[in-house]
Amino acid sequence: MDTKVITGRVRFCYCNVFEPKAMNEGDDPKYSVCILIRKDDEKTLAKIKDAIEAAKEAYKAKLAGRDGKVPSNIKTPLRDGDIDRPDDPAFENCYFINASLNRAPGIVDASREPIMTRDEFYSGCYGRASLNLYGYNVTGSKGIAAGLNNLQKLADGPVLAGGSSAEADFADADDDDDMM
């Protein structure tokens, strides 16, 4: 089994792929993205679950307890959006993975041409992700994490930026408001 996964069609959000960002105060800045995977995408989910098992085996020395076995309850990167993010409609009927890395990821379009701007690759667009799953053991916290390799945009989608757009806010505004 392999710890590397190329997803099927997923949706991207919380895209910090052009500039690194620290998640918490004092953390090193990293490039990151949240990957939304529809619950009915059985093929991608099977690849991720297989890669998690492969990572448990590959990083057994780091993850195993005193008995030499990897605990069944270690943290994994695949999370249920309906449980962990019930108030966010973008996560409805999806699993999600947060993936990050220290260097800028490669980002290409459907023709594998480089994407260089936030206008082209943004929270809400659809595509594929290349991930590498690995084990960690930091200050007593053990688990499997997702490293981000590269991203491919396949299609546009509604922007997931929170709030409303200027166009929506002023769509019904009265054009003949009295000026002072």
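Located above this text is the structure these notes cover.
Predicted, not measured: the structure shown is a model, and the values here were computed from it. (Residues numbered from 1 in each chain as written. Predicted model: local features only at pLDDT ≥ 70, side-chain atom pairs only at ≥ 80, totals over all residues. Heavy atoms only, no water.)

(A) Structural detail: the pattern of salt bridges. Applying the stated criterion across every chain, the model contains eight salt bridges. With its nearest N and O atoms 3.1 Å apart, the salt bridge here joins arginine 118 to glutamate 19. One end of the pair, arginine 118, is in the loop between β6 (106-108) and β7 (126-138); the other, glutamate 19, is in strand β2 (residues 10-21), with 99 residues separating them in the sequence. Within this structure, Lys39, Asp80 and Asp82 form a network of salt bridges that share partners. (Salt bridge = Lys/Arg side-chain N within 4 Å of Asp/Glu carboxyl O. Helix = DSSP H or I, 4+ residues; strand = E, 2+ residues; numbered from the N terminus.)

(B) Focus on the pairing of strand β8 (residues 141-155). Pairing of strand β5 (residues 94-101) with β8, which is carried by two bridges, proceeds in the parallel orientation. Across the sheet, residue alanine 99 finds its bridge partner in β8, namely alanine 146. As paired elements, β7 and β8 share 13 bridges and run antiparallel to each other. Bridge pairing in β8 links alanine 129 to leucine 151. Joining the antiparallel neighbours β7 and β8 is a turn of two residues, in which threonine 139 adopts a positive phi near 45°. (Pairing = 2+ DSSP bridges.)

(C) Local environment of the environment of lysine 60. Considering the arrangement of structural elements, one finds lysine 60 in helix α2 (residues 60-63). Classification of lysine 60 as partly exposed rests on a relative accessible area of 34%. With 93 residues separating them along the chain, lysine 60 and lysine 153 place their C-alpha atoms 34 Å apart. (Buried < 20%, exposed > 50% of the residue type's maximum accessible area, 1.4 Å probe, protein only.)

Don't take any of this as a statement about function, it's just geometry.
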